[in-house]
Amino acid sequence: MATTAATLIPLEAVEPAMIEAVLDRAFGPDRHARTAYRIREGMPWLPGLSLAALDEDDMLVATIQCWPVGLQTPQGQVPLVMVGPVAVVPERQGEGFGVGLISAMIAEDARLAANGGRALPQVLIGDAGYYNRWGFSAALTGGWRCPGPYEPQRLLARGSALSAMPSEGMLGPWEA
């Protein structure tokens, strides 16, 4: 994998239409039909953990969004952060932008937790071979369900509070 220098900025500094264009290019215009969209439906992304990558020419080439979601259980909901989409425009994939964004998001989450914030488990739907380098695993998500089709081995989670999470439940938008 090639590594390219990037400038990371808060996603809130990027025009929404530009974010949507990157997402469409990375995942196609039918991306809204994916199960991950149902899980976070109606939720705003989390500004502190959502980032954008600019290349050496200050062009927007990648984004990461994080969302407040909950694991709904008979005892109530348990908060989580849903990571993704991690989007890189097709012609710049494999250059390290995704790795940089995920690493920066995890570092920011750790910084927030160290400064008195709450460290929440993180969940995503993705390829374990890619995401396990950051500790994402399907080991504790086997009893979790999603509102739509998904492959259970691709439902991954990480975080120090993960071991205290309920073993069963339905993922969905955070209900404040």
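Please refer to the structure higher up on the page.
Residues numbered from 1 in each chain as written. Predicted model: local features only at pLDDT ≥ 70, side-chain atom pairs only at ≥ 80, totals over all residues. Heavy atoms only, no water.

Enquirer: Would you mind showing me how to read the nonpolar core here?
Expert: General note: in soluble globular proteins, nonpolar side chains tend to be found buried as a group. In terms of nonpolar packing, the biggest core is built from 32 residues, with Ile64, Met105, Tyr131 and Phe136 touching the most fellow members. At the level of elements, helix H1 (16–27), strand E2 (51–54), strand E3 (60–73), strand E4 (76–88) and helix H3 (97–114) are the ones that each hand at least two residues to this core. Per-element accounting of this core gives the leading share, six residues, to H3. Apart from the residues within four sequence positions on either side, Met105 is in contact with Leu49, Leu51, Ile64, Cys66, Val83 and Gln122. Formed by 16 residues, the second largest nonpolar core is a distinct cluster that contains Ile39, Leu80, Met82 and Val123. (Core = buried A, V, L, I, M, F, W, Y, C linked by side-chain atoms within 4.5 Å. Buried < 20%, exposed > 50% of the residue type's maximum accessible area, 1.4 Å probe, protein only. Helix = DSSP H or I, 4+ residues; strand = E, 2+ residues; numbered from the N terminus. Contact = heavy atoms within 4.5 Å.)

Enquirer: What exactly am I supposed to notice about the pattern of salt bridges here?
Expert: Pairs may arise between side chains of opposite charge once their charged atoms sit close together. Counted according to the given criterion, the structure contains seven salt bridges. Ionic pairing is found between Arg92 and Glu56, a salt bridge with its closest N-O pair at 3.5 Å. Remark: Glu56 occurs in the loop between E2 and E3 and Arg92 occurs in the loop between E4 and H3; sequence separation between them is 36 residues. Look at Glu56 and you get partly exposed, because its relative accessible area is 49%. Between Arg111 and Glu108 there is a salt bridge, with its nearest N and O atoms 2.7 Å apart. Placement of the pair is Arg111 and Glu108 together in helix H3, with a separation of three residues, close to one helical turn. Since its relative accessible area comes to 42%, Arg111 is described here as partly exposed. (Salt bridge = Lys/Arg side-chain N within 4 Å of Asp/Glu carboxyl O.)

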